[in-house]
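Here is what each chain is made of, one letter per residue.
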Amino acid sequence: MDDIINLMSGMEQYDSSIFDDQMSIFVNCLNLFSPVIRESLYVYDITQSTFCYLKLNDQILPKKSHEDNYLQEYDFYSKIIFPEDLPLYIEMHKLILLYIKDLSKNTEECDFFSCTFRIQHDYFFNCTKKIPMMVHQRMKYLSKDGVPQYLICSVESSTSKSAGNLCMFNIDGKSYDEYNFVTKRWTKQRKVQLTEREKNILMLAQRGLNAKEIANLLCKGYNTVRNQIKQIFVKLNVHSVSEAIDVANKSSLL
């Protein structure tokens, strides 16, 4: 984890007073809406090496006896990530920071990075076998003159079956770069596009409606809706409605 912090500190090159004012407004808004934020969310000040906002969902990121303890520990992930996934997690964050530092990349085109990994909770530690929970992490770097100043990060549970899935989503919403751990390269991919009907079906399913209820609400035949759901599964490469909702949300398709 020290290598990640060193990479961050190497980016501290510009005065960001105006940027800080804008961030203060953003943090105040987060504090205002914190009661309705379900996922764990934090804002890390790279220039000051500290957290300026921290909202923990104990079902996702476990709390300590005092949340302030986190404010001095950017590497707190090293204590909660499933041991087998920690080397991968460190590698992915190095890759992200190196991607950003590459001057051939236009940081203005980057929307956010995402990856998956497993964590373990304190209340699992008494078990004879540690039980992992897969989570999805989104990271958005706010930059000034191409140099990252703040990291906005959200962590939520995921239905993904494997750790990794490192991607950089472009601001255009139509494409993303995916890292291949075999070839050690980023490759550009076209983002899956859902039709308005497919989006409606997933949003209704997200509200807890089943296929029959969705068909009645949309005034469509049950078999028609079932076929459209199957088509969604094919597009998103999933096998269940819950997976489809998870993938669609994390890819900003809904």
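Structure report, in brief. (Residues numbered from 1 in each chain as written. Predicted model: local features only at pLDDT ≥ 70, side-chain atom pairs only at ≥ 80, totals over all residues. Heavy atoms only, no water.)

1. A short note on the side chain of Asp177
Along the polypeptide, Asp177 turns up in strand β7 (residues 175–180). Judged by relative accessible area, which is 9%, Asp177 ranks as buried. In this structure the side chain of Asp177 is engaged in a polar contact, spanning 2.8 Å, whose partner is the side chain of Tyr99. Among the polar contacts made by the side chain of Asp177, one reaches the side chain of Lys188 at a distance of 3.0 Å. In contact with Asp177, other than residues within four places in its own chain, are Tyr99, Leu166, Cys167, Met168, Asn170, Trp186, Thr187 and Lys188. (Helix = DSSP H or I, 4+ residues; strand = E, 2+ residues; numbered from the N terminus. Buried < 20%, exposed > 50% of the residue type's maximum accessible area, 1.4 Å probe, protein only. Polar contact = N/O pair within 3.5 Å; in protein donor to acceptor, adjacent residues only side chain to side chain. Contact = heavy atoms within 4.5 Å.)

2. Focus: the packing of aromatic side chains
Summed over the entire model, instances satisfying the criterion amount to eleven aromatic pairs. On the basis of an interplanar angle of 70° and a centroid distance of 4.8 Å, the ring pair of Tyr89 and Phe117 is categorised as edge-to-face. A residue pair is termed long-range when its members are at least 10 positions apart, and Tyr89 in helix α4 (residues 86–101) and Phe117 in strand β3 (residues 110–119) qualify at 28 residues. Residue classification places Phe117 among the buried positions, given a relative accessible area of 1%. Taken together, the ring pairs in this structure connect Tyr99, Phe113, Tyr141, Tyr179, Phe181 and Trp186 into an aromatic cluster. (Phe/Tyr/Trp six-rings, centres within 6.5 Å; stacked < 30°, edge-to-face > 60°.)

3. Digging into the layout of surface pockets
If you roll a probe as big as a water molecule over the atoms, it shows you where there is empty space left. By volume, the largest pocket is sized at about 730 Å³. What lines the largest pocket is a set of 28 residues, among which Asn165, Leu236, Asn237, Val247 and Ser251 lie closest to the centre. Those elements that place two or more of their residues in the lining of the largest pocket are β3, β6 (164–170), β7, α7 (222–236) and α8 (241–250). Of all the elements, α8 adds the most residues to the lining of the largest pocket, at four residues. Estimates place the volume of the second largest pocket at around 410 Å³. Taken together, 14 residues form the lining of the second largest pocket, with Arg38, Glu156, Ser157, Asn249 and Lys250 sitting closest to its centre. Every element with two or more residues in the lining of the second largest pocket is listed here: β5 (147–157) and α8. (1 Å grid on protein atoms, 1.4 Å probe; cavity = no way out; pocket = protein on both sides within 12 Å on 5 of 7 lines; lining within 4 Å. Points joined across faces, edges and corners; volume = space filled by probe spheres on them.)

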